[in-house]
Amino acid sequence: MRAHTGRRRNDAAKAAILAAATDLLAEGQPVTLGAIAGRAQVGKQTIYRWWPSKGAVVLEAMTERARSLAPTASTGSLEGDLEAFVAATFTAAGTPEYAATLRGIVSEALRDEHAAAVLAEFTADRREQLYLIIERWLPDVDADLAVDQVYGVLWYRILIGHATVDDAAGRQLAATIAAQLRAAS
C-alpha cells in the first residue's frame, strides 16, 4: 500500500498566496493568514496545509521574489558579478512596490517577533548570496564589511529615502566595493 503524501500544491493557488502576502506588506495592511487567504481567494486550510505559519509564507514570497529579481550571475570577474548582483538588487528594491514591501516587513518586524525572524532569515539569505559571489573570487578576504556596506546603503536608502535606490546607485556601489575588496586582498 502506498503511503499518503498529502495533497500536491496547485501552482496557481501557490502563486496567488505568495502574491497576496507581498501585496499586503506593500500596502501596509495587517498580514494575517485570514487576510492572505481572502486576498488569494483560497481557504485558510490551504495555507495551513502548505506552510507551518504566516511567517513561512512571507519568507517564501520575499525570498522567491528576491532570487528571481536579483539572481547571482557568473560574468567572469568579481567586478562583473558584483555589478550584476548589486545593480539588480538595487533596481528591484527601488521599485515603488518592492520598496513598500521591504518597508512593510520592517514595520511588521517591529511589532511581531515572528515577522522579525522572517526578516532576519530573508536578509541572511540575501547576504549569503553576496558572500558567495565574493568568496568565489577572493576566498581569503573577510567580506563582512563589504556585505554590510551593500545592504547598509540599500536599507538606509529604502527606509530613510534620502537618495534613490536604482541601477546606477547599485553599479556605483558595486565598483566601490570591488575596488575595496581588491585592495584588501
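Fair warning: this is a prediction, and the values are worked out from it, not measured in the lab. (Residues numbered from 1 in each chain as written. Predicted model: local features only at pLDDT ≥ 70, side-chain atom pairs only at ≥ 80, totals over all residues. Heavy atoms only, no water.)

Trainee: So, the UniProt feature "DNA-binding region" (unreviewed entry) in the protein chain: which residues are in play, and what are the values?
Mentor: Here the UniProt feature "DNA-binding region" (unreviewed entry) sits at residues 32-51. Along residues 32-51 one finds 75% helix and 0% strand; the C-alpha atoms at either end are 13 Å apart. (UniProt positions renumbered as here; feature names shortened; annotations may be inferred. Helix = DSSP H or I, 4+ residues; strand = E, 2+ residues; numbered from the N terminus.)

Trainee: Could you give me a rundown of empty space enclosed by the protein, with the residues and numbers involved?
Mentor: A complete count under the given rule lists two cavities of 30 Å³ or more for this structure. By volume, the largest cavity amounts to about 140 Å³. Thr89, Tyr98, Phe122, Arg126 and Leu154 are, among the 14 residues lining the largest cavity, the residues nearest its centre. Secondary structure elements with two or more residues in the lining of the largest cavity: helix H4 (54-69), helix H5 (78-93), helix H6 (96-111), helix H7 (113-137) and helix H8 (144-160). The computed volume of the second largest cavity comes to approximately 60 Å³. Where the lining of the second largest cavity is concerned, the elements lending two or more residues are H4, H6 and H7. (1 Å grid on protein atoms, 1.4 Å probe; cavity = no way out; pocket = protein on both sides within 12 Å on 5 of 7 lines; lining within 4 Å. Points joined across faces, edges and corners; volume = space filled by probe spheres on them.)

Trainee: Go over the nonpolar core with me, naming the residues and quoting the values.
Mentor: Membership of the largest hydrophobic core comes to 60 residues, with the highest contact counts inside it found for Ile17, Ile36, Ile47, Leu82, Leu130 and Leu181. No other element matches the eight residues that H7 contributes to this core. Shared between two domains, this core takes at least three residues from each, and those domains are domain 1 (1-50) and domain 2 (64-184). Every residue in contact with Ile47, bar those within four places of it in the chain, is listed here: Ile17, Leu33, Ile36, Ala37, Val42 and Val57. (Core = buried A, V, L, I, M, F, W, Y, C linked by side-chain atoms within 4.5 Å. Buried < 20%, exposed > 50% of the residue type's maximum accessible area, 1.4 Å probe, protein only. Domains from an automatic or database assignment. Contact = heavy atoms within 4.5 Å.)

Trainee: Tell me what's going on with the domain arrangement of the protein chain, and back it up with residues and numbers.
Mentor: For the protein chain, the domain assignment lists domain 1 (1-50) and domain 2 (64-184). On the side of domain 2, eight residues touch domain 1, which itself brings eight residues to the contact. Contact between domain 1 and domain 2 buries roughly 600 Å² in total, counting both sides, with carbon and sulfur atoms accounting for 56%. On the domain 1 side of the interface with domain 2, the three residues burying the most area are Thr22, Leu25 and Ala26, jointly 67% of the side's total. The interface formed by domain 1 and domain 2 contains one salt bridge. Where domain 1 packs against domain 2, one counts three residue pairs in polar contact (both at pLDDT 80 or more). Residues that form the side of domain 1 that touches domain 2 fall into these classes: five nonpolar, one polar and two charged. (Buried area = accessible area lost by both parts, 1.4 Å probe. Salt bridge = Lys/Arg side-chain N within 4 Å of Asp/Glu carboxyl O. Polar contact = N/O pair within 3.5 Å; in protein donor to acceptor, adjacent residues only side chain to side chain. Nonpolar A, V, L, I, M, F, W, Y, C, P; charged D, E, K, R; others polar.)

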